[in-house]
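Observations on chain architecture
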Amino acid sequence: QAQLEESGGGLVQAGGSLRLSCTLSGLTVGNLLMAWFRQGLGSEREFVSGLTQYGGTRYAESVEGRFTISRDIDKNTFYLQMNNLKPEDTALYYCAARDGFLGVTVAGRDYTYWGLGTQVTVSS
């Protein structure tokens, strides 16, 4: 059974850092396009970052230069390193994955597999 499980969320002060992890079971990280999405309270889910099977990346403009997506194939896990966090980054963060070899897309409907989310709260 395919599963994605996020971890690493928490409460941090503005300017701080967190690293989110997404561990896969029943799936192989190297074969999938991976992405992070987030949803703030009262907001729609939005794309944060994506990583193709070939290492190509894409970021939302709001996180460009502060967040970095990466993967560890041996651990079957991918990550979102978040630096210089801002209160507006507060949200429930989800990892997602899909098959196929197209570029990173920003629509959540394009992704087949989803985790349950991990909460990130940034205090001012």
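The preceding data block contains the structure.
Described below are features of the structure shown in this document. (Residues numbered from 1 in each chain as written. Predicted model: local features only at pLDDT ≥ 70, side-chain atom pairs only at ≥ 80, totals over all residues. Heavy atoms only, no water.)

Describing the pattern of salt bridges
Keep this limit in mind: By convention in these notes, a salt bridge is any Lys or Arg side-chain nitrogen within 4 Å of a carboxyl oxygen on Asp or Glu. Only runs of H or I of at least four residues qualify as helices and only runs of E of at least two qualify as strands under DSSP, and these elements are numbered from the N terminus. Partly exposed residues are those whose accessible area sits between 20% and 50% of the maximum for their type, while under 20% is buried and over 50% is exposed, using a 1.4 Å probe and protein chains only.
Within the structure shown, the criterion is met by 3 salt bridges. Its salt-bridge partner being D89, residue R38 comes within 2.9 Å of it at the nearest N-O pair. In this pair, R38 sits in strand β4 (residues 33-39) while D89 sits in the loop between β8 (77-82) and β9 (91-98), placing the two residues 51 residues apart along the sequence. Comparing R38 with D89, the two get one shared label, buried. Note that D89 and R66 form a salt bridge whose closest N and O atoms lie 2.7 Å from each other. A residue pair is termed long-range when its members are at least 10 positions apart, and D89 in the loop between β8 and β9 and R66 in the loop between β6 (57-59) and β7 (67-72) qualify at 23 residues. Of the two residues examined, D89 and R66, each falls in the buried class. A cluster of three or more residues bridged by salt bridges with shared partners is formed by R38, E46, R66 and D89.

Details of the packing of aromatic side chains
Put simply, the test is: In summary, the pairing rule links any two rings of Phe, Tyr or Trp, Trp by its six-membered ring, whose centres are within 6.5 Å, and it sorts them by plane angle into stacked for under 30 degrees, edge-to-face for over 60 and tilted for everything else. Here, a charge over a ring means that NZ of Lys or CZ of Arg falls within 6 Å of the ring centre while also lying within 35 degrees of the ring normal.
This structure, assessed with the given rule, holds 6 aromatic pairs. Summarising the aromatic geometry, the rings of F37 and F47 are spaced 5.7 Å apart at their centres and angled 80 degrees between planes, so their arrangement reads as edge-to-face. One end of the pair, F37, is in strand β4; the other, F47, is in strand β5 (residues 46-51), and 10 residues separate them in sequence. On the accessibility criterion, F37 (1% relative accessible area) is buried. For F47, a relative accessible area of 8% puts it in the buried group. The structure contains a cluster of three or more aromatic residues connected by ring pairs, namely F37, F47, Y94, Y111 and W114. Here the guanidinium or amino end of R19 rests over the ring plane of Y79, the centre of that ring lying 4.2 Å away. Geometry around F37 places R45 over its ring, the cationic atom sitting 5.8 Å from the centre.

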